[in-house]
Every structure is written in structure tokens, then in C-alpha cells.
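# A look at the structure
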Amino acid sequence: MQPILPSDRVAKAVIPAAGLGTRFLPATKSTPKEMLPVVDKPAIQLVVEEAATAGLRDVLMITGRSKRPLEDHFDSTPELERALQDKGDTERLEAVVASSRLATVHFVRQGEPLGLGHAVLCAADHVGNVPFAVLLGDDLIDARDPLLSEMIALRERIGGSVVALLEVPPEQIHLYGCAAVEPLDAGTDGEAVRIVDLVEKPDRDDAPSNLAIIGRYVLDPAVFDVLADTPPGRGGEIQLTDALRVLATEISPDKGGGVTGIVFRGRRYDTGDKLSYLQAVVRLACERSDLGPTLVPWLREFLATLD
Ligand code: UTP
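The notes below deal with the structure included here. Remember, predicted model here, so these are calculated numbers, not experimental data. (Residues numbered from 1 in each chain as written. Predicted model: local features only at pLDDT ≥ 70, side-chain atom pairs only at ≥ 80, totals over all residues. Heavy atoms only, no water.)

### Remarks on the overall build of the chain
Helices and strands together make up the secondary structure of the chain, namely eleven helices and 13 strands. Relative to its length of 307 residues, the chain is compact, with a C-alpha radius of gyration of 20 Å against a globular reference of 19 Å. Dimensions of the chain, computed from the C-alpha atoms along their principal axes, are close to 60 × 50 × 40 Å. When the 307 residues of the chain are sorted by exposure, 46% land in the buried category. (Helix = DSSP H or I, 4+ residues; strand = E, 2+ residues; numbered from the N terminus. Rg over C-alpha atoms; globule rule 2.2 N^0.38 Å. Buried < 20%, exposed > 50% of the residue type's maximum accessible area, 1.4 Å probe, protein only.)

Structure below.
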């Protein structure tokens, strides 16, 4: 087995959070959608916790307008901390302090929301010539499922880039980037596949599979040169999927090419649109020991009152 050189280690996480969040307007008019609460934590905190759990403590957020709440959330809050301390409210004090100690969080502005690919390109200077993770704030992966760690381990074992894939019903594939895959060489994990082609949001009849790309990536730094040459694609945006397609099909492995996928079969919560956001909040609240025992019976009663 090849030794992992320090430069091959994945140590940085990039979290693009500069989208307009139009599906949540007007809530997202002056607040980033990543700040919407999932029970009692903003979604972005769950994502930073996931990165930190996978060993990534250098986090770069790509932000746009209204970045203040994101910056403030990961900063310390001496006044609030003092007030909680004076009241002896150690539980809430710990919760407040924890969010500012999770990771070193840096910020860079995207300027204009020209697409996810462009947002990732804004991380080039901070990341440099090392592989890095990208986590999207509207895809939440359950803390009990170590998807990101598995993706990092796969990258460190075979190089190239790694994306997370999810089997979705054919009628939903038009909402995602879609991967054409073949099995990885014998002897590798059953859930890992080689990506031979990618299409952004294909029509159901043109989709090469039902494997959708979800919001976790471990990328080779070769992606930056590719993104710099990627023209606007679907929706007039610079698409990360288009750059991944080039890495998968045109760049040789010795130049940082090659893309593999891990088919994720764990718990994922999509908080990108109103319905799935509400479903995620209810599911997670029902599982909480402080809320579930009261919420679940209430929900049953409430549902019984509906037609
Ligand atoms: P979405 O496709 O969900 O777009 O972006 P959006 O603007 O956030 O939300 P809607 O569709 O208008 O409701 C996927 C991810 O890419 C980031 C978003 O912040 C989100 O995490 N993104 C998208 C950027 O950072 N910059 C962009 O230019 C576009």
C-alpha cells in the first residue's frame, strides 16, 4: 500500500453557502438558508460538526450577501456567555460555546452567485494544491453515518475525486446530477463505483442511471483548473457536475483525474425545499429524547384530527 504523503491528506472543508435560496423566500431574504434551524441548531452547524467529526477542522465558507449571521454564529459571544454563566445555565452555555470551537472557520465572498462550480473555484487560494472536501448545507447526513470519513479514506487509498451517490426514484432524477457508473476493480468496497459519465439534471428518459449526486464531495485540486475553463452550463450557471465530468472522462489519474462514487445507504435529510425541510425537522425532533416522548403522541393525536 502506498504511504499517504502529507500533501495527500484531506484536511480542509469547503462549504458553499452563497446561493440565493429562492425556494425559501421570504425567510431567506436577509438570512442565508443555511441558518434555518433544524430543531435547535442552524443547518450549517450540523454540517460543520460533520466536517469536524471527519477530522476537518479548517473550514472555508463561501458566502454571498447576508453573510453576517454565518460569521456571527461561529464567533464567540462574550456577552451572551457571561449572561448564561451568571444565571448558572451551564447546559446552554456549553451549547453556545461549542459552536465557536468546532473548527477554524474562514470566509470568502463569491461576489455573484454564478453557480456551485464557481463557488468552489472561489476556494482555490485557500485550499491550494491539496485534496479537500465540499459539503453542501442543504444536504444533512445523519451524525451516525460516517459517509464523509469513508469518502476521505477512499480518496486517500486510490486518489482522484470521490462523490456521494444516492439511489433515487426515476421521477426524481431530473433534480440532481446523475452518474453513469461501472464496478470498481475487484477487491474494493461493494458500495464504491467508478464514474464513467455525469449529466446535470437529466430528463428521466435520458438519465444513464438512478444514481444521484448528493452534496458531499472529496475533490482533487485538479478541479480548480478545470473549473476555471468550465463555461456556464445548465441554468446559465457554472456547474460543478460539468467539471467533474471532465475529471472523470478527460483527465488522466496522474494529473488528478478519475472520479469514484460511494453509494450512500444511510440517513440523509434534504433541507433544500420547504416540504423536505419540514419532514427533516419533524423526523429529527421525534428522535430526540427531550422532545420525542411529547412530540410523537401529540403528532398521533394531531394526525387523527385530520381527514
Ligand atoms: P442550490 O441549487 O440549492 O441553490 O445550491 P440555492 O440558491 O442555494 O437555493 P434555491 O434553489 O434558490 O432555493 C446548492 C448549493 O450551492 C450553493 C448554495 O448555497 C447551496 O449550498 N451555491 C449555489 C453557491 O454557493 N453559489 C452559487 O452561485 C450557487
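Still more ground to cover, so stick around.
### Looking at the packing of helix H3 (residues 78–87) against helix H4 (residues 90–101)
Following both chains from N to C, one finds H3 and H4 inclined at 160 degrees, their axes separated by 9 Å at the closest point. Considering the angle they form, H3 stands roughly antiparallel to H4. Crossing handedness for the pair H3 and H4: left-handed. Where H3 approaches H4, its residues Leu80, Glu81, Leu84 and Gln85 are matched on the opposing element by Arg92, Leu93, Val96 and Val97. (Axes fitted to C-alpha atoms, helices over the stretch in contact; angles between N-to-C directions. Parallel < 35°, antiparallel > 145°, perpendicular 65-115°, else oblique. Left-handed = near helix turned anticlockwise from the far one by under 90°. Contact = heavy atoms within 4.5 Å.)

### Topic: the side chain of Asp145
Within the secondary structure layout, Asp145 lies in the loop between strand E7 (139–141) and helix H7 (147–158). Looking at Asp145, its side chain comes within polar contact range of the main-chain nitrogen of Arg267, at 2.7 Å. For Asp145, the residues in contact, after removing those within four places along its chain, are Phe264, Gly266 and Arg267. (Polar contact = N/O pair within 3.5 Å; in protein donor to acceptor, adjacent residues only side chain to side chain.)

### Things to note about unusual backbone geometry
With an omega of 5 degrees, the peptide bond running from Leu25 to Pro26 counts as cis. Structurally, Pro26 is set in the loop between strand E1 (12–17) and strand E2 (37–38). In this structure, Lys201 is a non-glycine residue whose phi angle is positive, near 45 degrees. Summarising the element assignment, Lys201 is placed in the loop between strand E10 (192–200) and strand E11 (211–219). Residue Lys201 is classed as partly exposed on the basis of its relative accessible area, which comes to 31%.

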